[in-house]
Amino acid sequence: MVLKTPDELAVMDRANSLVHDTLRLVAEAAAPGVSTKELDRLAEEHIRAGGGRPAFKGYHGYPATLCTSVNDVIVHGIPSADHKLRNGDVMGLDCGVVLDGFIGDAAITVPIGDMAPEAKRLLDVTRECLELAVEVVRPGSRLTDIGAVIQKHAEAAGFSVVRQLVGHGIGRSMHEDPQVYNFGPGGRGPALRPGLVLAIEPMVNAGVSGVMFDDDGWTARTEDGKLSAHFEYSVAVTENGPWVLGVGGA
Ligand code: MF3
Ligand code: CO
């Protein structure tokens with residue numbers, strides 16, 4: 001596990017600020033009739049104007065700046081000119097930026113037009129899973145405490161946690177050790193130490209937890225076709241507690 005210096009954390013905070021700015025801009029533009037490709041273009045322009053470059057584009061051959069994961073797509077939906085958003089959709093927006101040698105990575109799930117009550121509950125619960133997980137990111141916690149709070153909250157609401165996809169350490173590389181599970185018993189794994197940065201990304205399904213992949217090798221969908229939601233923050237451990245990079249905290 002690579003620990004970051006305070007100066008490096010300041011760079012990662014700026015990288016994540018650009019990510020969150022971009023997510024806000026894209027979320028405002030997302031509406032019925034807009035294609036996911038148009039949103040991707042908007043994101044790339046904004047990132048480059050801000051002095052960064054897209055972190056996902058070219059990563060193991062991934063072709064775009066954003067992941068746009070609509071309805072039963074859990075994560076890694078590829079933006080397409082043919083895919084126009086429709087009223088009542090929910091869309092995961094995942095964005096990564098490289099700025100001054102460090103990666104920022106965050107995701108939100110947003111409604112397109114009107115949102116059904118059950119979709120709203122799924123989005124609210126998944127966001128709460130992430131917020132509860134953030135509170136764990138402090139010296140004295142163990143790594144698996146994160147997944148334990150996520151699983152408990154999601155399942156108490158009657159939803160299921162995706163097990164095949166995980167969060168990760170992050171820094172100069174997008175995926176560093178350790179893997180961050182969204183389920184399992186707490187109190188295990190390494191102790192969290194100041195300078196560690198974790199991309200925590202609960203993926204919560206309305207129905208079963210199983211995943212299947214499209215032929216493109218990226219698009220991950222729920223096995224039962226029911227809705228899925230995804231929220232992600234890059235969070236630094238500090239002496240004073242969690243620092244949600246690009247957003248705020250200790
Ligand atoms: N937030 C995702 C992750 O950490 C985004 C990766 S998309 C990829 O795995 F295309 F870059 F892989
Ligand atoms: Co990530």
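The structure presented is a predicted model; accordingly, all values stated were derived computationally and were not measured. (Residues numbered from 1 in each chain as written. Chains lettered and ligands numbered in written order. Predicted model: local features only at pLDDT ≥ 70, side-chain atom pairs only at ≥ 80, totals over all residues. Heavy atoms only, no water.)

### Observations regarding the site of ligand 1
Right, on to step 1. In the region of ligand 1, 13 residues are neighbours, and Y62, D94, H168, H175 and E232 sit closest.
Right, on to step 2. Note that an oxygen atom of ligand 1 is positioned 3.1 Å from one of the side-chain N or O atoms of E201.
Right, on to step 3. Contact distances for ligand 1 include 3.0 Å between a nitrogen atom and a side-chain N or O atom of E232.
Right, on to step 4. In terms of residue class, the shell around ligand 1 is made up of six nonpolar, three polar and four charged. (Near = heavy atom within 4 Å. Polar contact = N/O pair within 3.5 Å; in protein donor to acceptor, adjacent residues only side chain to side chain. Nonpolar A, V, L, I, M, F, W, Y, C, P; charged D, E, K, R; others polar.)

### Points about helix α3 (residues 117-136)
Right, on to step 1. In this model α3 runs 29 Å from its N-terminal to its C-terminal C-alpha over 20 residues, within 8% of the 28 Å that 1.5 Å per residue would give.
Right, on to step 2. Within the sequence span of α3, burial applies to A119, L122, L123, V125, T126, C129, L130, A133, V134 and V136. (Helix = DSSP H or I, 4+ residues; strand = E, 2+ residues; numbered from the N terminus. Expected span 1.5 Å × (residues − 1). Buried < 20%, exposed > 50% of the residue type's maximum accessible area, 1.4 Å probe, protein only.)

### Focus: the sheet that holds strand β7 (residues 167-169)
Right, on to step 1. Within the open sheet, the six strands sit side by side as β8-β7-β9-β14-β15-β16. Their pairing is antiparallel. Pairing within the sheet leaves two strands with one partner each, and these edge strands are β8 (176-180) and β16 (248-249).
Right, on to step 2. Bridging between strand β9 (residues 197-200) and strand β14 (residues 233-238) involves four bridges; their strand directions are antiparallel. By the bridge assignment for β14, A199 is matched with S234. (Pairing = 2+ DSSP bridges.)

### A closer look at the coordination of the cobalt ion (ligand 2)
Right, on to step 1. Bound to the cobalt ion (ligand 2) on the protein side are D105 (OD), H168 (NE2), E201 (OE) and E232 (OE), at distances that span 2.1 to 2.4 Å.
Right, on to step 2. Around the cobalt ion (ligand 2) sit six donor atoms, and with donor-metal-donor angles ranging over 68 to 171° the site reads as irregular. (Donors = N, O, S within 2.8 Å, 3.2 Å for Na, K, Ca; no water. Tetrahedral: all angles 85-135°; square planar, octahedral: opposite > 155°, others 65-115°.)

### Description of the nonpolar core
Right, on to step 1. Counting 29 residues, the largest nonpolar core has I146, I150, L192, L198 and I200 as the members making the most contacts within it.
Right, on to step 2. Mapped by element, the contributors of at least two residues to this core are α3, α4 (145-156), β9 and β14.
Right, on to step 3. Broken down by element, the residue count for this core peaks at nine residues, all from α3.
Right, on to step 4. Setting aside residues no more than four positions away along its own chain, I146 makes contact with A133, V136, V137, V180, Y181, L192, L198 and I200. (Core = buried A, V, L, I, M, F, W, Y, C linked by side-chain atoms within 4.5 Å. Contact = heavy atoms within 4.5 Å.)

### Observations regarding the sheet that holds strand β6 (residues 160-161)
Strand pairing in a sheet relies on backbone hydrogen bonds. The paired strands run either parallel or antiparallel.
Right, on to step 1. In spatial order, the strands read β6-β10-β13; together these three strands make up an open sheet with antiparallel pairing. On the outer flanks of this sheet lie β6 and β13 (228-230), each paired with one strand and no other.
Right, on to step 2. Sheet analysis places strand β10 (residues 203-205) next to β13, joined by three bridges and oriented antiparallel. Across the sheet, V204 pairs through a bridge with A229, a residue of β13.
Right, on to step 3. In this fold α3 packs onto β10 and β13, with an angle of close to 35° to the strand it touches most, β13. (Axes fitted to C-alpha atoms, helices over the stretch in contact; angles between N-to-C directions.)

### Examining the packing of α3 against α4
Right, on to step 1. Across the interface, α3 lies against α4 with an axial gap of 9 Å and an inter-helix angle of 150°. As summarised for this structure, α3 and α4 are arranged roughly antiparallel, according to the angle between their axes. Crossing of α3 over α4 shows right-handed handedness. Counted together, V125, E128, C129, L132, A133 and V136 of α3 and D145, I146, V149, I150, H153 and A154 of α4 form the full contact between these two elements.
Right, on to step 2. Considering only residue class, the contact of α3 with α4 consists of nine nonpolar, one polar and two charged. (Parallel < 35°, antiparallel > 145°, perpendicular 65-115°, else oblique. Left-handed = near helix turned anticlockwise from the far one by under 90°.)

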